[in-house]
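Here's the letter readout for the chains.
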Amino acid sequence: MDNNLVLKEIFLDYEPQKLVLVNFLKNFDLDLDEDVEYAVGIFDEDEIAGCGAYSKNILKCFAVKEELRGKNALNIIASHLINKEFERKIFHLFVYTKPHNIKFFQSIGFNIVESNENVALLENVKNGIEEYLSSLSNDTGIQKNIGSIVMNCNPFTLGHEYIIEYAANNCDLLHIFLVEEDKSIFPFEIRYELVKKGISKFNNVKLHKSGDYIISSTTFPAYFIKDKYKRTEILAELDLSIFAKLIARSLNISKRFVGVEPYCQITNQYNNLMKNILPSYGIEVIEIERKHINGKIISASTVREHIKLFGVSEQLKELVPLSTYDFLKSERANNIIQKIQS
């Protein structure tokens, strides 16, 4: 790289610098993801010539001017971001990229988890996915009718319990994968605790952390796919491919249960894509009608709305299991309740 080029942090809380980054990415038809925590740029005096960023353990927002390509600029940016992540004690890193960039990231130590014609997911740990699969309890014995559910449970409700009960009654063994990405009002550890208590009465249900391999919409990068419906389609293809080829195959899963989604168009689109994609891998997709009360679906958003309007009232017992209600009445829930009500 030329001696007059300088690598500098771009301070995202300083609007003029953030605007420089936003405008630079626009030249490449890219957006700045809202969740970016740290960004860096290569500057030729005051003019930006390349950039990269990260959010948690995901590297993203890479762009380099044409005249810098082949001059090690992208390598310098990526290496800097990796070192910064290591300084934060974050060692397992991921990158979503377009397929034509796969070879570059392989050259700096990343390995393909899964890819399709639109996007690839790579990680810097050689056997990361294998280690995750080995961490899943797989004592399936002779059982062949094995099902699965992916849930967020923000928080765990009687609606979730209803779906789990239906699924558990229709398979010999049910695996629940709880989305681990911690961007919900209820922190992951709390959600995990509430689900674990809520499913304790089912003797054929196993609860797992989703890890980094069951992709949530919060982790998938928006910056290089602007159309939200196209982004959902590409996300579903990648996510379901990883689930079917790796996770389901490892656990002999042949069914995936999902609640009917009458309100959210994006979620409904995802469910329809699931029904199109998973059967080609031998996985049946079973939609379950949601549990209702007074003509309204019992969902996590229904519970949060009730808390916002009425607090943790007795009527909330109609929406959540006793274990969730008891938590909401405890001092541990005070900060969460305040967030919901504010």
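Just above sits the structure.
Summarised in this report is the structure supplied together with it. Since this is a predicted model, take the numbers as computed values, not measurements.

## A closer look at the sheet that holds strand 12 (residues 284-288)
- If you trace the five strands from one edge of the open sheet to the other, you get 10-9-8-11-12, paired in parallel fashion. At either end of the open sheet lies a strand with only one pairing partner, and these are strand 10 (205-209) and strand 12. Shown here is a sheet whose adjacent strand axes are inclined to one another by a mean of 25°, direction ignored.
- By the bridge criterion, six bridges tie strand 8 (residues 146-151) to strand 9 (residues 173-178) in an arrangement that is parallel. Within strand 9, the residue paired with Met-151 across the bridge is Leu-178.
- Helix-sheet contacts for helix 8 (residues 265-277) involve strand 11 (255-259) and strand 12, and the interaxial angle to strand 12 is about 150°.

## Examining the packing of helix 6 (residues 188-198) against helix 10 (residues 322-329)
- Between helix 6 and helix 10, whose axes approach to 8 Å, the crossing angle comes to 145°. Within the contact between the two elements, helix 6 uses Ile-190, Leu-194, Lys-197 and Gly-198 and helix 10 uses Ser-323, Thr-324 and Phe-327.
- Among the residues making up the contact of helix 6 with helix 10, the classes are represented as three nonpolar, three polar and one charged.

## Description of the packing of aromatic side chains
- In this structure the tally under the stated criterion is ten aromatic pairs.
- When the ring of Phe-94 is compared with that of Tyr-213, the centres are 5.7 Å apart and the planes differ by 75°; the resulting orientation is edge-to-face. Taken as a pair, Phe-94 in strand 5 (residues 94-97) and Tyr-213 in the loop between strand 10 and helix 7 (228-251) lie far apart in primary sequence, 119 residues in all.
- Look at Tyr-213 and you get buried, because its relative accessible area is 2%.

## A few points about the layout of surface pockets
- For the second largest pocket, the calculated volume is near 530 Å³.
- Counting residues per element, the ones that place at least two in the lining of the second largest pocket are strand 4 (58-64), helix 2 (73-87), strand 5 and helix 3 (102-107).
- Its residues placed into classes, the lining of the second largest pocket shows 14 nonpolar, six polar and three charged.

## Let's talk about the pattern of salt bridges
- Scanning the model with the defined rule gives 14 salt bridges in all.
- Between Glu-314 and Lys-317 there is a salt bridge whose closest N-O contact spans 3.3 Å.
- Connected through shared salt-bridge partners, Asp-33, Asp-35 and Lys-60 make up one network.

Cut-offs and rules
- Residues numbered from 1 in each chain as written.
- Predicted model: local features only at pLDDT ≥ 70, side-chain atom pairs only at ≥ 80, totals over all residues.
- Heavy atoms only, no water.
- Pairing = 2+ DSSP bridges.
- Helix = DSSP H or I, 4+ residues; strand = E, 2+ residues; numbered from the N terminus.
- Axes fitted to C-alpha atoms, helices over the stretch in contact; angles between N-to-C directions.
- Contact = heavy atoms within 4.5 Å.
- Nonpolar A, V, L, I, M, F, W, Y, C, P; charged D, E, K, R; others polar.
- Phe/Tyr/Trp six-rings, centres within 6.5 Å; stacked < 30°, edge-to-face > 60°.
- Buried < 20%, exposed > 50% of the residue type's maximum accessible area, 1.4 Å probe, protein only.
- 1 Å grid on protein atoms, 1.4 Å probe; cavity = no way out; pocket = protein on both sides within 12 Å on 5 of 7 lines; lining within 4 Å.
- Points joined across faces, edges and corners; volume = space filled by probe spheres on them.
- Salt bridge = Lys/Arg side-chain N within 4 Å of Asp/Glu carboxyl O.

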